[in-house]
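Remarks on the overall topology
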Amino acid sequence: MTSSAQLLHTITDREYADFQKLVFAISGITLNQTKKPLLQNRFQKRLRTLALDSYGAYYQLVMASAAEQQIMLDLITTNETRFFRESKQFHILTNRLPALHDPKRSFRLWSAACSSGEECYSLAMIIHDYRKDAPFQILGSDINQAVLAEAAQALYPIEDAGQIPRYYRQRYCLKGVRSMEGYFRIADSLKQNISFRQINLNYSLPEIGNFDCIFLRNIFIYFSKDKQNEILRRLYPRLAENGLLFVGLSETVNLDGFERIESSVYKKV
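Residues numbered from 1 in each chain as written. Predicted model: local features only at pLDDT ≥ 70, side-chain atom pairs only at ≥ 80, totals over all residues. Heavy atoms only, no water.

Turning our eyes to something else, we now look at the overall build of the protein. Counting its secondary structure elements, the protein contains 10 helices and 10 strands. A compact globule built from 269 residues would reach a C-alpha radius of gyration of about 18 Å, and the protein, at 20 Å, matches this within 12%. Based on the C-alpha atoms only, the size of the protein along its principal axes is roughly 65 × 55 × 30 Å. In the protein, buried positions account for 50% of the 269 residues. Residue pairs at least 24 apart in sequence account for 72% of intrachain contacts in the protein once pairs closer than 6 positions are excluded. (Helix = DSSP H or I, 4+ residues; strand = E, 2+ residues; numbered from the N terminus. Rg over C-alpha atoms; globule rule 2.2 N^0.38 Å. Buried < 20%, exposed > 50% of the residue type's maximum accessible area, 1.4 Å probe, protein only. Contact = heavy atoms within 4.5 Å.)

In structure tokens:
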């Protein structure tokens with residue numbers, strides 16, 4: 001065993017290179033040299049918990065344990081999100097819903113990097129309000145199991161409610177009382193239409209059906225251009241005819257089969 005101070009040594013270039021290769025093989029995420037301090041800082045607490053004296057020892061544990069691989073991925077993935085983030089895109093979706101709306105069938109939407117669920121519930125508020133009693137389904141997926149567990153609870157700090165337009169907040173958010181004071185919960189009328197599951201976009205997709213819209217926002221920064229296109233090719237068959245793909249406001253898609261119709265919005269052709 002070693003002291004806590006000794007556990008705070010700097011990760012070596014060799015150790016970091018091993019994690020770079022492993023993370024890329026599992027997730028397709030590219031960790032460049034600027035991410036080295038971030039990885040070191042996020043692993044330190046785990047090393048203390050496990051009483052390991054080096055990053056190399058942690059690497060060996062990760063290689064031997066699928067469960068620890070998942071914990072490692074949960075530690076390194078960044079999950080920045082909020083309700084109605086990049087509101088321009090939610091306005092675009094609202095304006096496009098008349099063309100996508102068919103009350104005779106279920107409307108299906110996939111949030112393919114949903115983090116802790118705020119994007120899914122924001123989308124659900126818009127779709128539920130527009131479609132009234134017409135059925136819809138939203139799938140939220142992420143590689144990070146920890147944030148998916150948070151998403152499924154649909155419970156958020158009360159200060160986050162200010163991110164939600166007042167009309168939707170009054171209709172779909174329930175303020176916590178007693179033991180839940182300081183939090184709010186998403187209404188069951190939305191929750192019943194949303195499911196969450198872990199999906200790794202680096203691998204062949206499971207059987208999840210087709211979708212009218214796919215939101216894949218603000219994740220391309222973590223992938224090389226080749227890996228971005230590989231992921232897009234996997235998503236293409238999952239889009240319905242004339243289905244819409246939403247990417248981040250600063251992201252672009254340059255791949256056959258996707259036609260840009262608005263900034264950061266593409267249609268399957």
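Continuing now.
Turning our eyes to something else, we now look at the pattern of salt bridges. For the structure on display, the rule yields 11 salt bridges. Notably, a salt bridge pairs E119 with R217, separated by 2.8 Å at the nearest N-O pair. Here R217 lies in the loop between strand 7 (211–215) and helix 10 (225–235) and E119 lies in helix 6 (residues 118–131), a separation of 98 residues in the sequence. Of the two residues examined, E119 and R217, each falls in the buried class. It is possible to trace a salt-bridge network through shared partners that takes in E86, E119 and R217. (Salt bridge = Lys/Arg side-chain N within 4 Å of Asp/Glu carboxyl O.)

Let us look at the nonpolar core. Most often, soluble globular proteins have nonpolar side chains that are buried together. Of all hydrophobic cores here, the largest spans 43 residues; its most connected members are M72, W110 and L245. For this core, the elements supplying multiple residues, two or more each, are helix 1 (13–27), helix 2 (36–50), helix 3 (55–64), helix 4 (66–76), strand 7, helix 10 and strand 8 (239–246). Looking at this core element by element, the count peaks at five residues for helix 1. Beyond its immediate stretch of four places on either side in the chain, W110 contacts L139, S141, I199, L201, L205, I208, F211, C213, I214, F215 and L235. With 36 residues, the next largest nonpolar core counts C120, I138, Y156 and V265 among its residues. (Core = buried A, V, L, I, M, F, W, Y, C linked by side-chain atoms within 4.5 Å.)

Right, let's talk about the sheet that holds strand 7 for a bit. Across the sheet, seven strands lie side by side as 6-2-1-7-8-10-9; this open sheet has mixed pairing. The two strands at the open ends of the sheet, each matched to only one other strand, are strand 6 (194–198) and strand 9 (258–262). Direction aside, neighbouring strands of the sheet carry axes that sit 20 degrees apart on average. Pairing of strand 7 with strand 8 involves four bridges; the strand directions are parallel. The residue bridging C213 from the neighbouring strand is L244, located in strand 8. Contacts between helix 6 and the sheet are confined to strand 1 (107–111), strand 2 (136–142), strand 6 and strand 7, with strand 2 contributing the most and set at about 170 degrees to the helix. Contacting strand 1, strand 7, strand 8 and strand 9, helix 10 crosses the sheet at an angle of about 145 degrees to strand 8. (Pairing = 2+ DSSP bridges. Axes fitted to C-alpha atoms, helices over the stretch in contact; angles between N-to-C directions.)

Below, the discussion takes up helix 7 (residues 145–153). Of the residues making up helix 7, those classed as buried are V147, L148 and A151. End-on view of helix 7: buried residues confined to an arc of 105 degrees, all on one side of the axis. In this structure, the buried residues of helix 7 make contact with helix 6, strand 2, strand 3 (155–157) and strand 6. Residue N144 occupies the N-cap position of helix 7, its side-chain oxygen lying 2.9 Å from the main-chain nitrogen of A146. Where helix 7 ends, the next residue or the one after it, A154, has phi of about 60 degrees, a positive value. (Arc of directions from axis to C-beta. Polar contact = N/O pair within 3.5 Å; in protein donor to acceptor, adjacent residues only side chain to side chain.)

Along helix 3, the residues that are buried comprise Y55, Y58, Y59 and V62. Down the axis of helix 3, the buried side of the element spans an arc of 105 degrees, and every buried residue falls inside it. Helix 3 presents Q60 and A64 as exposed residues on the side facing more than 90 degrees away from its buried surface. Buried residues belonging to helix 3 abut helix 1, helix 2 and helix 4.

Turning next to the sheet that holds strand 5 (residues 183–186). Read across the sheet, three strands follow the order 3-5-4 without closing on themselves; strand pairing throughout is antiparallel. Here the strands that pair on one side only, and so sit at the sheet edges, are strand 3 and strand 4 (173–175). Between one strand axis and the next, the sheet turns through 35 degrees on average, direction left out of account. The sheet contact formed by strand 4 and strand 5 spans three bridges and is antiparallel. Residue pairing across strands places L174 opposite R185, the latter belonging to strand 5.

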